[in-house]
Amino acid sequence: MEEINELIEQRKKKLADLRASGIDPYYESFQAADYARALLDKYNELDHDALESLNRSSSVAGRILAMRNFGKLAFVHISDASDEKIQLCFARDILQDRFPIIKKFDVGDIVGVSGRLFKTKTGELTVEVQDFKIVSKSLRPLPEKWHGLTDVETRYRQRYVDLIVNPAVKKTFAMRSKILKAIRDFLELRGFIEVETPMMHPIAGGAAAKPFKTFHNALELDLYLRIAPELYLKRLLVGGYDKIFEINKNFRNEGISTKHNPEFTMIEFYIAYKNYQYLMGFTEELICEAAMRSVGTLKFKYGEYDIDLTPPWQRLTFFGALEEKGLPEAVARDPEKSVQWARQNGINIPKDLPKGKPIFDEIFSELVEPELIQPTFITDYPVEISPLAKRKKDNPALVDRFELFVVGRELANAFTELNDPLDQRERFMQQAEARRQGDEEAQSMDEDFLRALEYGMPPAAGEGIGIDRLVMLLTDSHSIRDVILFPQLKTEQ
RNA sequence: GAGCCGCUAGCUCAGCUGGUAGAGCACCGCCCUUUUAAGGCGGGCGUCCUGGGUUCGAAUCCCAGGCGGCUCACCA
């Protein structure tokens, strides 16, 4: 991306000038003893005289974000990896013949300096620079200091610039890191081990979604990027693990929106000998732990909403929630009556809805989901839309399953795992039938998975949580792109 | 995939019913030893997203396309 640009040319000229005077503007290392944040935390409280008597020397390295030059004195703000800004003072009296080098500085350059700490007349903690190096010369101008970078396209495409100039972005991703750490710690403390299963699947199973397809040349094999790790994790249950989890990407070849990125991060975890009832309490604890260790509280704002994660969370059955909306289960289960009911109640039913797909699922998403603002478990899903979950003992038309909703969005999906290989085979057959009737997202028969179940899988509860959505909730982010460092975009030009 | 909105200097934006490109910041030059969006004086900077069309003349109007945002659809 070679561009002729006056500003870049000016900077290249400065770079050449530096080299001509024997200065290397691209160092291979710099030993900074201090972080800006640590210096401010420790010394900002001291007054001018107290700091003088300490005579504290320091060294910091970071990117120049602002410069104010007075001819024989210059103030420079740098920001370092501690995400804090510290002021540097370059004075001709101190730097003597090296002082003119600062004429070659630009906002964006990375410098390393050492010098004594002092307080300016206005009381700002400042490094009085005694020695300095330009460790990396920047050739491109940064966005201006006042309005910063707001163009969302540039922010996503050039996330590196976004991170330099928008501190809130770093905060979000620091939160993301804390949330993931909290989840890992929570599970590891309870005896789980983290595993990695294939991202490339010969059969894309474990969820209802369209996969990305790819090809392995040497094996001459069609492969799919995984849409879910579920069927592999359950194979591990067969193998004898009792508490496992995997945190990794899934890939779904579907539309992009504020809530969907083609690759997104899921955690799936499985506990042998437990059921979905157990997982509800477990989920409350897990998510509260993540919230406490990132947000620091269970009560916080998400946009207009005041969210309260304090357990226990509301629990409603799938058909119970529909009945509250005036749709009796008997009507919901009747394909024709339910369509009629939907039309009468102004529910938008897609015209191209595949034949095998039940209408109540549509009605539920349209009528119930948007109102589930506070955390709510929806339980006892119909078996037709849950091909991998165990049937309820007292009602084989339903399964032992829940989904967790917050701010109208699905955050988690969990169930008691189907471990009856014969029932599982039947469910796959039904899915195959749905596929024949036009449901592209119906699941495919996976003979190896069935073979594994035939060896015997312990009863188990399993759950998946959309990490990106959890991070959105806890960071008050309203687009999934704000919690993914490099969200998917079309290529430039 | 559909609808609506946007795209002008490095950044943030103005530019009316068509008359030939602007501001602030950033940048360059000079002055300035305590600034905090430093200040003063002077200066430069454009594929007006792209390609067609209408017109004497298009950043502006029309058509097509690109990229992005939002909403809807699909989904997590």
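Structural data are supplied above this passage.
Anyway, here's the lowdown on the structure attached to this text. Computed from a predicted structure; not experimentally measured.

**Considerations on the overall build of chain A**
Here comes step 1: A count of helices and strands for chain A gives 16 helices and 20 strands.
Here comes step 2: With respect to the three principal axes, the spread of C-alpha positions in chain A is 85 × 50 × 50 Å.
Here comes step 3: Looking at the 493 residues of chain A, the share that counts as buried comes to 47%.
Here comes step 4: Long-range contacts, defined as pairs at least 24 residues apart, comprise 66% of the intrachain contacts of chain A with a sequence gap of at least 6.
Here comes step 5: Total accessible area on chain A is roughly 25100 Å²; 51% of this is exposed by carbon and sulfur atoms.
Here comes step 6: Here chain A carries 68 positive and 79 negative side-chain charges, and the mean point of each set is 4 Å from the other.

**Description of the protein's contact with RNA strand B**
Here comes step 1: The full set close to RNA strand B counts 57 residues, and Gln10, Asp93, Thr122, His260 and Arg469 are the nearest of them.
Here comes step 2: Counting only the atoms of RNA strand B that lie within 4 Å of the protein, the sugar and phosphate share comes to 58%.
Here comes step 3: Contacts to RNA strand B include Thr120, whose side-chain N or O atom sits 3.0 Å from a base oxygen.
Here comes step 4: Contacts to RNA strand B include Lys145, whose side-chain N or O atom sits 2.4 Å from a phosphate oxygen.
Here comes step 5: Among the elements of the structure, α1 (6–20), β1 (57–69), β2 (73–79), α5 (152–157) and α13 (359–367) are those that each provide at least two residues to the surface near RNA strand B.
Here comes step 6: The class makeup of the residues in the surface near RNA strand B is 15 nonpolar, 18 polar and 24 charged.

**Quick word on the packing of aromatic side chains**
Here comes step 1: One pass over the full model with this rule turns up 19 aromatic pairs.
Here comes step 2: Taken together, a centroid distance of 5.5 Å and an interplanar angle of 45° make the contact between Phe269 and Phe282 tilted. Remark: Phe282 occurs in helix α9 (residues 276–294) and Phe269 occurs in strand β11 (residues 263–272); sequence separation between them is 13 residues. Pair check on accessibility: Phe269 and Phe282 agree, each one buried.
Here comes step 3: Taken together, the aromatic side chains of Phe318, Phe319, Phe360, Phe364, Tyr381 and Phe405 make up a single cluster linked through ring pairs.
Here comes step 4: Above the ring of Phe132, the side-chain terminus of Arg98 is found at 4.5 Å from the ring centroid.
Here comes step 5: Seen from the ring of Tyr278, Lys274 lies directly overhead, with NZ or CZ sitting 4.6 Å from the centre.

**A look at unusual backbone geometry**
Here comes step 1: Across the junction of Pro311 and Pro312, the peptide omega takes the value 0°, indicating a cis bond.
Here comes step 2: Non-glycine residue Tyr273 carries a positive phi angle of around 70°.

**A look at the packing of helix α14 (residues 421–436) against helix α15 (residues 447–455)**
Here comes step 1: Direction vectors running N to C along α14 and α15 enclose 160°, while the axes themselves pass 9 Å from each other. As summarised for this structure, α14 and α15 are arranged roughly antiparallel, according to the angle between their axes. Between α14 and α15 the crossing geometry is right-handed. Residues Pro421, Gln424, Arg425 and Phe428 of α14 touch α15, and the partners they reach there are Glu447, Phe449, Leu450, Leu453 and Glu454.

**Focus on the sheet that holds β11**
Here comes step 1: One open sheet accounts for eight strands, arranged β6-β10-β11-β20-β19-β18-β15-β14; its pairing is mixed. If you trace the sheet from one side to the other, it starts and ends with β6 (193–194) and β14 (314–317), each paired once.
Here comes step 2: The sheet contact formed by β6 and strand β10 (residues 243–251) spans two bridges and is parallel. Bridge assignment links Ile193 to a residue of β10, and that residue is Ile244.
Here comes step 3: Against the sheet, helix α7 (residues 167–189) touches β6, β10 and β11, its axis set at about 150° to β10.

**Let's talk about the sheet that holds strand β7 (residues 200–201)**
Two strands in a sheet stick together by hydrogen bonds in their backbones, pointing the same way (parallel) or opposite ways (antiparallel).
Here comes step 1: Strand order across the open sheet formed by three strands is β7-β9-β8, with antiparallel pairing between neighbours. Of all the strands in the sheet, just β7 and β8 (213–216) have a single pairing partner and so form its edges.
Here comes step 2: Across two bridges, the pairing between β7 and strand β9 (residues 221–225) is antiparallel. Across the sheet, Met200 pairs through a bridge with Leu225, a residue of β9.

**Some words on the nonpolar core**
Side chains that are nonpolar tend, in soluble globular proteins, to be buried together.
Here comes step 1: If you look at the biggest cluster of nonpolar residues, it comprises 47 residues, and the most contacted ones within it are Ile183, Ile267, Phe269 and Leu309.
Here comes step 2: Examining the composition of this core, we find that nine residues originate from one element, α9, more than from any other.
Here comes step 3: With near-sequence residues (within four places) excluded, Phe269 lies in contact with Phe192, Ile244, Phe245, Leu279, Phe282, Leu286, Ala461, Gly462, Glu463 and Ile465.
Here comes step 4: Leu231, Leu233, Phe318 and Ile359 belong to the second largest nonpolar core, which has 40 residues in total.

**Side note on helix α12 (residues 335–344)**
Here comes step 1: Buried within α12 we find Ser338, Val339, Trp341 and Ala342. Each buried residue of α12 sits inside an arc of 160° when the element is viewed along its axis, so together they form one side. For α12, the exposed residues lying more than 90 degrees away from the buried face are Glu336, Arg343 and Gln344.
Here comes step 2: Along its buried surface, α12 packs onto α11 (329–332) and α13.
Here comes step 3: Where α12 ends, the next residue or the one after it, Gly346, has phi of about 70°, a positive value.

The rules we used
Residues numbered from 1 in each chain as written. Chains lettered and ligands numbered in written order. Predicted model: local features only at pLDDT ≥ 70, side-chain atom pairs only at ≥ 80, totals over all residues. Heavy atoms only, no water. Helix = DSSP H or I, 4+ residues; strand = E, 2+ residues; numbered from the N terminus. Buried < 20%, exposed > 50% of the residue type's maximum accessible area, 1.4 Å probe, protein only. Contact = heavy atoms within 4.5 Å. Areas by Shrake-Rupley, 256 points an atom, 1.4 Å probe, with all protein chains shown as cover. Lys, Arg positive; Asp, Glu negative; His and termini not counted. Charge placed at Lys NZ, Arg CZ, Asp CG, Glu CD. Near = heavy atom within 4 Å. Polar contact = N/O pair within 3.5 Å; in protein donor to acceptor, adjacent residues only side chain to side chain. Nonpolar A, V, L, I, M, F, W, Y, C, P; charged D, E, K, R; others polar. Phe/Tyr/Trp six-rings, centres within 6.5 Å; stacked < 30°, edge-to-face > 60°. Lys NZ or Arg CZ within 6 Å of the ring centre and 35° of its normal. Axes fitted to C-alpha atoms, helices over the stretch in contact; angles between N-to-C directions. Parallel < 35°, antiparallel > 145°, perpendicular 65-115°, else oblique. Left-handed = near helix turned anticlockwise from the far one by under 90°. Pairing = 2+ DSSP bridges. Core = buried A, V, L, I, M, F, W, Y, C linked by side-chain atoms within 4.5 Å. Arc of directions from axis to C-beta.

Don't take any of this as a statement about function, it's just geometry.
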